[in-house]
Amino acid sequence: MSKYWSSLTRKLSPYVPGEQPKDQAYIKLNTNENPYPPSPKVLRAIQEAAGDALRLYPDPESTVLREKIAARYGLGKEEVFVGNGSDEVLALAFQAFFDQTQPVLFADITYSFYKVYIQLHELKAEIIPLRDDFQLDVEAYVSKTNGGIVIANPNAPTGIEVPLADIERIVQQNPDSVVLVDEAYVDFGGHSAVSLIRRYPNVLVVQTLSKSRSLAGLRVGFALGQAELIEGLNRVKNSFNSYPIDRLAQAGAIAAIEDEAYFQETTEKVIRTRQWVTDELRQMGFEVLPSQTNFVFARLAGRSGAELQQKLKEHGVLVRHFAQPRIEDYLRITIGTDEEMRIMLDTLKQRVLMR
Ligand SMILES: *Cc1c(COP(=O)(O)O)cnc(C)c1O
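Predicted, not measured: the structure shown is a model, and the values here were computed from it.

A. Fine view of the pattern of salt bridges. Scanning all chains against the criterion turns up 17 salt bridges. In this structure, the salt-bridge partner of Glu 287 is Arg 299, at a minimum N-O distance of 2.8 Å. Pair noted here: Glu 287 is in strand β9 (residues 286–288) and Arg 299 is in strand β10 (residues 295–300), with a separation of 12 residues, a long-range link. On the basis of relative accessible area, Glu 287 is assigned to the partly exposed category, the value being 36%.

Below you can see the structure in the form of structure tokens.
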């Protein structure tokens, strides 16, 4: 704590990402990265962009990338905003749309960055507990006065999807608030709220290339919504900084969006592996929540989540554990390749669960 920090800086409790240890080669199933490499076309596009043109500033509006994303989702390019990872898009959206006089509604168990943005932008929050089965308490979101709503769908770290009809009901019943739907995992079996954008001016959908397009290292995310919402994001961004997406990221992201076949193939592989891993874990006695994401959330009755996570780590397998009420006995296990998951399951069976 430095005396030079502002009172706001002193009050912040920054987001803690999953660990990225360098001490040994782990099977890394703790940060929901995609186990498959990005499309080879992405690597070629980045190589081509990495030439003399790096002298020049990138297109500040990411025009071509926005056109590609718009075409992919059946929207106009003025309905697309791109940012340096969806984390940046979320931060700008909190600032652009959430009212400081009324609480922003979100779940007790969800992406932990939301709380960080609430603090950073000095907003109020009202935390709405998920129901006992970790489903969203939809009625609470249609009955409470609010300054905005954020829903991760499918949710993290539970993996559970909110039916699109429920999202629509929340959007429809809150015509004076922006409903931000964070769809970081939607490509692994969820149903996107993009289909609501034509009918509702208050829905903002945020997605990322980090998970389903294997580009966590490139930092590209985007928001989709009616043009007035997108213009709001641009106003905040251009009043705060003008950092566009860099040239390499724009080139790589364009190629990733264009390579639909590769995207379909890799997401389908992850989904198949998820189904198999879910069955295997259930056979071992784990309770596994139904997941529409690239991870599973599971617990074993009578065993501490912290201990299971620590033992797996000792045997070279990293998974995520949250020391948080209601979920402290769960492990969040990212879906890796079949081979990685075989090792994870064997390690659990032969080394961790044997006492
Ligand atoms: C991973 C994740 C993000 C952020 O992804 P970026 O890498 O910043 O694009 C946002 N929301 C949720 C729920 C996530 O899991």
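B. Seen up close, the site of the ligand. Around the ligand, the neighbouring residues are Gly 85, Ser 86, Asp 87, Tyr 111, Asp 182, Ala 184, Tyr 185, Thr 208, Ser 210, Lys 211 and Arg 219. Asp 87 places a polar main-chain atom, nitrogen or oxygen, 3.0 Å from an oxygen atom of the ligand. Compared with its free state, where it exposes 380 Å², the ligand has 93% of that area covered by protein. The dominant element in the shell around the ligand, judged by the number of residues it contributes, is helix α4 (residues 85–97), at 3 residues. Looking at the shell around the ligand, its residues break down into 3 nonpolar, 4 polar and 4 charged.

C. Focus on the sheet that holds strand β1 (residues 27–29). Spatially, β1-β11-β12-β10-β9 is the arrangement adopted by the 5 strands of the open sheet, whose pairing is mixed. The open sheet has two free edges, formed respectively by β1 and β9, since each of these has just one partner strand. Taken pair by pair, the neighbouring strands of this sheet meet at an average axis angle of 35°, ignoring direction. With 2 bridges joining them, strand β11 (residues 317–321) and strand β12 (residues 331–334) adopt antiparallel strand pairing. Residue pairing in the sheet places His 321 in a bridge with Leu 331 of β12. Helix α11 (residues 305–314) rests against β9, β10, β11 and β12 of the sheet, and its axis sits at about 160° to β11. Most of the contacts of helix α12 (residues 338–352) go to β1, to which it runs at about 95°, and overall it touches β1, β9, β11 and β12.

Parameters at a glance
- Residues numbered from 1 in each chain as written.
- Predicted model: local features only at pLDDT ≥ 70, side-chain atom pairs only at ≥ 80, totals over all residues.
- Heavy atoms only, no water.
- Salt bridge = Lys/Arg side-chain N within 4 Å of Asp/Glu carboxyl O.
- Helix = DSSP H or I, 4+ residues; strand = E, 2+ residues; numbered from the N terminus.
- Buried < 20%, exposed > 50% of the residue type's maximum accessible area, 1.4 Å probe, protein only.
- Near = heavy atom within 4 Å.
- Polar contact = N/O pair within 3.5 Å; in protein donor to acceptor, adjacent residues only side chain to side chain.
- Areas by Shrake-Rupley, 256 points an atom, 1.4 Å probe, with all protein chains shown as cover.
- Nonpolar A, V, L, I, M, F, W, Y, C, P; charged D, E, K, R; others polar.
- Pairing = 2+ DSSP bridges.
- Axes fitted to C-alpha atoms, helices over the stretch in contact; angles between N-to-C directions.
- Contact = heavy atoms within 4.5 Å.

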